[in-house]
Every structure is written in C-alpha cells, then in structure tokens.
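# Structure assessment
These are the residues of each chain, in order.
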Amino acid sequence: MSTSFVLEHKFKLMEATARDQDLDLAWTQVDREGETGVSRVLNGAAFVIIDAPNNEAISQVGQVAGEQLRTLTIPVLSVHRFNPSLRMQAQRMEEEQARQLFTYYISGTHVNRERMMHYLKTWLTGEDVSAAAPPIELPDSGIYHPDAEQMVFASLPEYLDWWQQRHNQPWRDNPIIGMETASSYLSDGQTRQLDETIAAIERAEGVPLIFYRASRSRSRSTTRSPEQDEQQGRRSEGKMPGNIRIAVQTIGTADSSGFPNPASQPMDVADEPLIMLDGKTILDVLMVNTFLGINPDERKAWYRSLDIPVINFMQYRNGLCRG
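These lines cover the structure that appears in this document, whether it is placed above or below. These numbers come from a predicted model, not from an experiment.

### Focus: unusual backbone geometry
Not every positive phi belongs to a glycine, and Arg92 is a case in point at roughly 60°. One can find Arg92 in the loop between β3 (88-91) and α4 (95-107). Given the relative accessible area of 30%, Arg92 is considered partly exposed. For Asp278, which is not glycine, the phi dihedral falls at a positive 55°. In this structure, Asp278 sits in the loop between β11 (276-277) and β12 (280-281).

Dropping the structure here:
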C-alpha cells in the first residue's frame, strides 16, 4: 500500500518476484484508487507493507486507509524511507522479524526482493525462518555501473580500476562525466535512465561516474500497537548526507524580493571520496539527478565549491513530453 509518489515499476517488480515464490502480491496507490483499492488489496491478505516515504504519503495513507487498517489483525510493516526519526513501524510481529523484512525492503535490488519473498513464504507457512538468507545492503555511498557484477562500488579507486580493465584504456585519457543520483533508484529498480545515460557517455568516449551519497544509516524504529497508528514522524532536520565534511557560514539573507534563493553561502569542502582523488575532484562536469529539498543552501554552496559546470535535472513524471 503506497501513493503515486513511489513509482509503480517498483511494485510491478515485487509482484513478479512474489509470483516466482507462489505468492500473490496485490498493491495499490491510495491517491489513485482510494478506499476501493485499499479494500481490494486487504481482501484475504496475510501481511501488509505500507510504503509511505514522507510525511505527505503517511498522511495520505492514513486518510484513505486508516479506518480499514485499524480493523486488521494481521502483521503490518510500515516503511518511511525519508523520515529519519521513524523509518520503520511494525505491528503484530517480532521486532527481529520486522527489522529483517525492513532491511530487505529498503535495500531493494533483485536479490533482496527474492530473499524477502522467500522469507515471507517461509514465515507465513509456519516454517523456520532462521536459515533464511540475510539481506544484502547497499553501501552507505557508492558508484553505480550496470555491467559490474556487484552493481555498486564503495570506493572511487575500486571503480576506476574496474573501468580501466573493462575498457582497456586509462581513465585519465577521457572526460569524466559525473551524475549525483539517489540510492532509491537502485533499490527500487528504477535504473533505465541511469543505464542509458551511462551507455551514452561511453559511446561518446567519456567515463561515467554515477554516484549516490545519501546516508542509508538506520534511525529509530518501533514495534507499535494499532492505537499508535496515527502518530506522525517528525520532519527531517535536513542534515547533509554522505561522507562530506563541511564548514558553512551564512553571509547574509536574501533581499526583500526573496532572491537569491537559495541564499549564497561559502563552503570549505575537505573531502568527497566518491569524486575526489588527493583532495581534488576528477569530474569535468556534474549532473544532479536527486532530491534537492534537504538543505538547498548547503547543496548550492557545495556544487559551487567544486568549480566545475553543474547541471540540475527536473524530473517530469506525468503526461507526454513533446519536442
């Protein structure tokens, strides 16, 4: 159970994986199907996952599905990816079970979807889950390439060595094209635009460096009673993610017209190991394909401090785009 904030391809992948384990997975986006969709997916259900990443999605699920959810007597796992203060809630299940299922879900990728569905089938049929394969978590930060066996590299030197061997040429002989993205694209299987971007860069004889640096560290989680369903997580405090050490000082506020927005700030970047060697960025240009809502002032200052061209993307998710 989710909202249209979460792209439906994620649930189609889960549906196919469940089918391989002889499980039926029914899903709905409550802002599209309303109470009818909620009734459909809860009919005969043995387990419920609520994927409500942010406060708006939490509120939408509560408004549309709250009444039906409060009558349930089956286990429920709620996943709030972008709520640092309360990323997980669980009802009518052991905390260790909830944590393992949460980690499968939040880590994503094909292997974790397979392992999660196998775990669920084992658990729901009353068998012993102690031997279930554990989740494989993505690194807290990493560099993505679809042709790599492990998919994500945890360090820049490791990635560059792999790329050189695969292409049989030094990486320094080519322009380095970076893209900052979000780990959720990888965990949710939303990689087509990343894969096509990488292929296009390599056709143009460039070195793609597609990386994410959002922290994947765990925050507080709880196993909750039905009476506590309506409690909302606190808003993010907007900490800068990843391995960046920064010193920021505001040098003034925007003028009476509200510009510039974000306000200009100086920033001293000590190190960003995903794109820097010997304290210096290797990128020739950076594309930004991630969420900019957290601390935009600091992000703007960080991008400026790189002293390279930075291009921000805006995703277009509805309708058709005609040129």
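That covers the picture; the talk isn't over yet.
### Side note on helix α2 (residues 30-42)
The end-to-end C-alpha distance of α2, which contains 13 residues, comes to just 12 Å, noticeably less than the 18 Å that a straight helix rising 1.5 Å per residue would cover. Considered for burial, the residues of α2 that qualify are Val30, Gly34, Gly37, Val38, Val41 and Leu42. Turning to α2, the residues buried within the fold contact β1 (48-51) and α3 (55-69). Gly44 sits one or two positions beyond α2 and adopts a positive phi of about 80°.

### Description of the packing of aromatic side chains
Pairs of aromatic rings are described using the distance from one ring centre to the other and the angle between the two planes. A full pass over the atoms with the stated rule returns 8 aromatic pairs. Between Phe47 and Trp123, the ring centres sit 5.6 Å apart and the planes meet at 75°, which makes this aromatic pair edge-to-face. Linking Phe47 in the loop between α2 and β1 with Trp123 in helix α5 (residues 109-124), this pair joins segments that are 76 residues apart in sequence. Residue Phe47 shares its accessibility class with Trp123, and that shared class is buried. Feature note: the residues Phe153, Tyr159 and Trp162 constitute an aromatic cluster, connected by ring pairs. Above the ring of Trp302, the side-chain terminus of Arg213 is found at 3.8 Å from the ring centroid.

### As for the pattern of salt bridges
Per the counting criterion, the structure on display carries 12 salt bridges. Of the charged contacts, one joins Glu8 and Arg32 as a salt bridge, the two residues approaching to 3.3 Å between their closest N and O atoms. With Glu8 in the segment before α1 (9-20) and Arg32 in helix α2, this pair connects stretches of sequence that are 24 residues apart. You can call Arg32 exposed: its relative accessible area is 52%. Two residues, Glu180 and Arg299, come together in a salt bridge whose shortest N-O distance is 3.3 Å. Here Arg299 lies in helix α9 (residues 296-305) and Glu180 lies in strand β6 (residues 176-181), a separation of 119 residues in the sequence. The structure contains a network of salt bridges with shared partners spanning Lys10, Asp51, Arg81 and Asp188.

### Overview of the pairing of β1
Neither face of β1 is open: one carries Val48 and Ile50, the other Ile49 and Asp51, and all of them are buried. Running through α3, the crossover from β1 to the neighbouring parallel element strand β2 (residues 76-79) is right-handed.

### Notes on the packing of α2 against α3
Two elements in contact, α2 and α3, have axes separated by 10 Å at closest approach and are oriented at 25°. On the basis of their axis angle, the class for α2 and α3 is roughly parallel. The way α2 lies across α3 gives a crossing that is right-handed. Contact residues: Val30, Asp31, Gly34, Glu35, Val38, Ser39 and Leu42 in α2; Gln60, Val61, Val64, Ala65 and Gln68 in α3.

### A word on the packing of α1 against α5
Contact geometry of α1 with α5 gives a least axis separation of 9 Å together with a crossing angle of 50°. Classified by the angle between their axes, α1 and α5 sit oblique to one another. The handedness of the crossing between α1 and α5 is right-handed. Each of Leu13, Met14, Thr17 and Ala18 in α1 lies in contact with α5, whose residues at this interface are Arg113, Glu114, Met116 and Met117. Per-class residue counts for the contact of α1 with α5 are 5 nonpolar, 1 polar and 2 charged.

The rules behind each value
Residues numbered from 1 in each chain as written. Predicted model: local features only at pLDDT ≥ 70, side-chain atom pairs only at ≥ 80, totals over all residues. Heavy atoms only, no water. Helix = DSSP H or I, 4+ residues; strand = E, 2+ residues; numbered from the N terminus. Buried < 20%, exposed > 50% of the residue type's maximum accessible area, 1.4 Å probe, protein only. Expected span 1.5 Å × (residues − 1). Contact = heavy atoms within 4.5 Å. Phe/Tyr/Trp six-rings, centres within 6.5 Å; stacked < 30°, edge-to-face > 60°. Lys NZ or Arg CZ within 6 Å of the ring centre and 35° of its normal. Salt bridge = Lys/Arg side-chain N within 4 Å of Asp/Glu carboxyl O. Right-handed = clockwise from strand over helix to strand, strands pointing away. Axes fitted to C-alpha atoms, helices over the stretch in contact; angles between N-to-C directions. Parallel < 35°, antiparallel > 145°, perpendicular 65-115°, else oblique. Left-handed = near helix turned anticlockwise from the far one by under 90°. Nonpolar A, V, L, I, M, F, W, Y, C, P; charged D, E, K, R; others polar.

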